[in-house]
Amino acid sequence: MTKPLYVTRPDLPELETFLPYLQQIWQSGVLTNNGPFHQQLEQALQDYLGVDYISVFNNGTNALLVALQALELKGEVITTPFTFLATTSSLIWQGLTPVFVDIDPVSLNLDPNAIAAAITDKTCAIMPVHCYGNPCDTSAIRAVAQQHGLKVIYDAAHAFGVKHQGQSVLQEGDLAVLSFHATKVFNTIEGGAVICHSAQMKQKIDRLKNFGIVNEFKAEAAGINGKMNELQAAFGLAQLPGLAGALRRRAKVHQYYCDALARIPGLQCVPLLADGAPNYAYFPILVTDEFGMSCKALYEALKAKSIFARRYFYPLTPVLLDMDIDESCYPVAADAAERVLCLPMSGSLTQAEQDLVINAVIEARGQV
Ligand SMILES: Cc1ncc(COP(=O)(O)O)c(C=O)c1O
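Definitions and limits used
- Residues numbered from 1 in each chain as written.
- Predicted model: local features only at pLDDT ≥ 70, side-chain atom pairs only at ≥ 80, totals over all residues.
- Heavy atoms only, no water.
- Near = heavy atom within 4 Å.
- Polar contact = N/O pair within 3.5 Å; in protein donor to acceptor, adjacent residues only side chain to side chain.
- Areas by Shrake-Rupley, 256 points an atom, 1.4 Å probe, with all protein chains shown as cover.
- Helix = DSSP H or I, 4+ residues; strand = E, 2+ residues; numbered from the N terminus.
- Nonpolar A, V, L, I, M, F, W, Y, C, P; charged D, E, K, R; others polar.
- Disulfide = S-S within 2.5 Å.
- Buried < 20%, exposed > 50% of the residue type's maximum accessible area, 1.4 Å probe, protein only.
- Pairing = 2+ DSSP bridges.

## A short note on the site of the ligand
And step 1. In the vicinity of the ligand there are 15 residues, among which Gly60, Thr61, Asp155, Ser179 and Lys184 approach most closely.
And step 2. Taking Thr61, its side chain carries an N or O atom lying 2.6 Å from an oxygen atom of the ligand.
And step 3. Measuring from an oxygen atom of the ligand, one finds a side-chain N or O atom of His158 at 2.8 Å.
And step 4. Alone, the ligand offers 390 Å² of accessible surface; in the complex the protein occludes 91% of this.
And step 5. Among the secondary structure elements, those contributing two or more residues to the shell around the ligand are helix H3 (60-70) and helix H4 (85-93).
And step 6. In terms of residue count, H3 provides more of the shell around the ligand than any other element does, 3 residues in total.
And step 7. Taken together, the residues of the shell around the ligand sort by class into 4 nonpolar, 9 polar and 2 charged.

See below:
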């Protein structure tokens, strides 16, 4: 049987790099609670990403929950239906009302005009997603938010290391949230982070992720347990030295797909929009009518050959959550969801494996 090809393959640090960290953990006996590796990882990521302040978490979803809690929001939050479930579910868990608006057909990110049109007197914030690591139109979003006095929390789960117009996209917004899940460009097995712009906000977030504890006898607020443990932090530290190489390999994988797929009528590669440093987190394509076969049929044809592409993001979140919302509110997102397919992408994908994917796509089309 052919070895299955999944949409991503986690990047692992070199084992020889990771083992000394484990030895130190075994020696110190410190497993969690803002341990030395947790602190080192925060410093290393702050430097690597070029951001003001960062607080690392045990996963991205808890980071989203704490980010929303830290801003003390109430009411409606304008967001995208074209994203992973956690974007919306974190809003719902915070008692906030998600208001879904349409996306731009090129970037597949929130359309700033649609945001502006959806603002009501209940709107308190905007939660855009840098989908697939492509930067949102951050200056337009900033302008709308400033005009209406709204907070902006970027779900930057896909945007690790992305730079646009000379600056990290993670610096945008009141807060930005990363995921370090195993499927991401940089991973700590499970993990995440909140990026903020003041020491005061960092302290608030640090406390909220540790039950709200100020000291032994005082809690500032009802917090949760969002702490990253020492093994996760060590895994992240061990992965950092290999990151530049992994990104270079991802760039090659990206280019090879682009060159091969450009020759196939009816397939559109979603363009990379970060003009500084893209991160090649995913390889999404749109299957147009010209392809002669639906995206669903192509997905099934690949699956029959043990190629597990993913239809990120179909169905749209409001459909997944069975919310009674008319798709005519976001026709571009509804259309993209029907057409999008993420092909296998990772730093360790070989050219032979890519050829398997490309040939399977060509064969599927040939059978139409
Ligand atoms: C857009 C988006 N937001 C949030 C998350 C949640 O992150 P995590 O899986 O680290 O909880 C993901 C994750 O996978 C994601 O793709």
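## Some thoughts on the state of the cysteines
And step 1. For the structure on display, the rule yields 0 disulfides.
And step 2. With no disulfide of its own, Cys136 has Cys131 as its nearest cysteine by sulfur position, at a separation of 8.6 Å.
And step 3. The thiol sulfur of Cys269 is not disulfide-bonded, and the nearest other cysteine sulfur, from Cys258, lies at 4.6 Å.
And step 4. On the basis of relative accessible area, Cys269 is assigned to the partly exposed category, the value being 26%.

## Digging into the pairing of strand E9 (residues 175-179)
And step 1. Most of E9 sits inside the fold, with 5 of its 5 residues counted as buried.
And step 2. Sheet analysis places strand E6 (residues 151-155) next to E9, joined by 3 bridges and oriented parallel. Along E9, the bridge assignment pairs Tyr154 with Ala176.
And step 3. Inspection of the sheet shows E9 paired to strand E10 (residues 192-196) by 4 bridges, in the antiparallel sense. By the bridge assignment for E10, Ser179 is matched with Gly192.

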